Amino acid sequence: QVQLVESGGGLVQAGGSLRLSCVTSRNILTINRMGWYRQAPGKQRERVATITSDDSTNYEDSVKGRFTISRDNAKNTVSLQMNSLKPEDTAVYYCHAYDDNRHYWGRGTRVTVSS
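Residues numbered from 1 in each chain as written. Predicted model: local features only at pLDDT ≥ 70, side-chain atom pairs only at ≥ 80, totals over all residues. Heavy atoms only, no water.

Engineer: Sorry, what's going on with the sheet that holds strand β8 (residues 77–82) here?
Structural biologist: Strand pairing in a sheet is mediated by backbone hydrogen bonds. Such pairs are either parallel or antiparallel. With antiparallel pairing, the 4 strands of this open sheet are ordered in space as β1-β3-β8-β7. One side of each edge strand has no neighbouring strand; the edge strands of this open sheet are β1 (4–7) and β7 (67–72). On average, each strand axis in the sheet is tilted by 15 degrees relative to the strand beside it, whichever way the strands run. Here β7 runs beside β8; their pairing, made up of 6 bridges, is antiparallel. When the sheet's bridge partners are listed, Arg71 is paired in β8 with Val78. (Pairing = 2+ DSSP bridges. Helix = DSSP H or I, 4+ residues; strand = E, 2+ residues; numbered from the N terminus. Axes fitted to C-alpha atoms, helices over the stretch in contact; angles between N-to-C directions.)

Rendered as structure tokens:
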């Protein structure tokens, strides 16, 4: 079982930055893959970025070059550094863990980017 708690969302102007954090309830090195997903109002949830236990990363095309996903093993935390934010990035961002064919989700943290 994995519990996930997100933080770091808020209001920011276009071009600004935010850093989202997700704290896991167990050793993050034992989790095969973690990531961030987002869901905008009226839209389907989409994958933003993922990172595996061997440090392989993947990014949704629209955030490449702007967002960076990383892990802090000592703190059992996965983060998403978001730079050059755009209004289109406005969404609820969810931390996600996938391991042993099971999915775990945080409650989400809201990001609002104004123009």
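Engineer: Even after reading the chapter, I still don't get the state of the cysteines, so can you show me in this structure?
Structural biologist: Disulfide: a covalent bond connecting the sulfur atoms of a pair of cysteines. Summed over the entire model, instances satisfying the criterion amount to 1 disulfide. Residue pairing for Cys22: its cysteine sulfur links by disulfide to Cys95, the two sulfurs lying 2.0 Å apart. Across the S-S bond linking Cys22 and Cys95, the dihedral sits near -80 degrees, which makes this disulfide left-handed. In this pair, Cys22 sits in strand β3 (residues 18–24) while Cys95 sits in strand β9 (residues 91–99), placing the two residues 73 residues apart along the sequence. (Disulfide = S-S within 2.5 Å.)

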